[in-house]
Each structure stands twice: as structure tokens, then as C-alpha cells.
Amino acid sequence: MMSCSIRFSQSRVLPTPVQPGTQGVQALVETAAGLLGVAEIATASPRLSALILGYADLAASLGRANPEQAAERWLYAQEGVLVAARAAGIDAIDGPYLA
């Protein structure tokens, strides 16, 4: 497993869409820190094409034992990812349903 650290500057330029024939990157939001910084993550690279909400690891990060229970408890995370993605002009992808 590879991990990375991203530092953000105060001034950000919104990314331009990924050009055809190039490799895009999708960011998986799966920790409390990732959710807190989702707006900065969404504009971190012009190659970023989507944000994905990762429920299982996010649930673990938040100390939630059962990520599939009470769908309404995920609305904050879903809205945060959606707003950040739309503001950056990239896709928002919902993670899989865990049964």
C-alpha cells in the first residue's frame, strides 16, 4: 500500500479537464482528514478527474462499526464530496453499497 502527503498552497487554480489520451487520477476520500480537506483535494491537480467516497475506510476512521446502517448518517460526507467535486468541475462517484 502506498501513501502520500499533499501540501496545499493558499492560492489554487481550478484544474482544467483531463485531456483525451492522457491519464486522469481519481481521489478516494476515506478518512476523516480526507473529508475535512475534500475541497483542497478536489483542486490539488489538473489531472484529477473524480472524487470517490470510500465508505468502509471512512467508517473505520470515524469509529463507526457498521457503514451500511442508517444511510442518512452519510449525507454530510456525500454532500461534501459532491459540492467539492462540482465546484472543481470534476465527477463525484459514490462508493459501493456495503451489505
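Refer to the structure presented above.
Residues numbered from 1 in each chain as written. Predicted model: local features only at pLDDT ≥ 70, side-chain atom pairs only at ≥ 80, totals over all residues. Heavy atoms only, no water.

*Asks:* Give me the lowdown on the overall build of the chain, citing residues and values where you can.
*Replies:* Across its full length, the chain holds four helices and three strands. Looking at the chain as a whole, 27% of its 99 residues are labelled buried. For the chain, the computed accessible surface area is about 6800 Å², with 58% contributed by carbon and sulfur atoms. (Helix = DSSP H or I, 4+ residues; strand = E, 2+ residues; numbered from the N terminus. Buried < 20%, exposed > 50% of the residue type's maximum accessible area, 1.4 Å probe, protein only. Areas by Shrake-Rupley, 256 points an atom, 1.4 Å probe, with all protein chains shown as cover.)

*Asks:* Outline the nonpolar core, listing residues and values.
*Replies:* Ranked by internal contacts, the top residues of the largest apolar core, which has 18 residues, are L51, V81 and I90. Contributions of two or more residues to this core are made by β1 (25-29), α2 (38-42), β2 (48-53), α3 (55-62) and α4 (75-88). The greatest single-element share of this core, amounting to five residues, is contributed by α4. Setting aside chain neighbours within four positions, we find V81 in contact with V29, L35, V38, L51, L53 and A92. (Core = buried A, V, L, I, M, F, W, Y, C linked by side-chain atoms within 4.5 Å. Contact = heavy atoms within 4.5 Å.)

*Asks:* So what's going on with the pairing of β2? Which residues, and what values?
*Replies:* Of all six residues in β2, five are buried, a share of seventy percent or more. Direction of pairing for β1 relative to β2: parallel, over a ladder of five bridges. Residue pairing in the sheet places V25 in a bridge with L48 of β2. Alignment of β2 against strand β3 (residues 91-93), held across three bridges, turns out to be parallel. The partner of I52 across the bridge, within β3, is I93. (Pairing = 2+ DSSP bridges.)

*Asks:* Now, about the environment of D57: what can you tell me, with residues and values included?
*Replies:* Within the secondary structure, D57 sits in helix α3. Residues D57 and T31, 26 residues apart in the sequence, show an inter-C-alpha distance of 6.5 Å.

So far we have only geometry, and geometry alone does not tell us how the molecule works.
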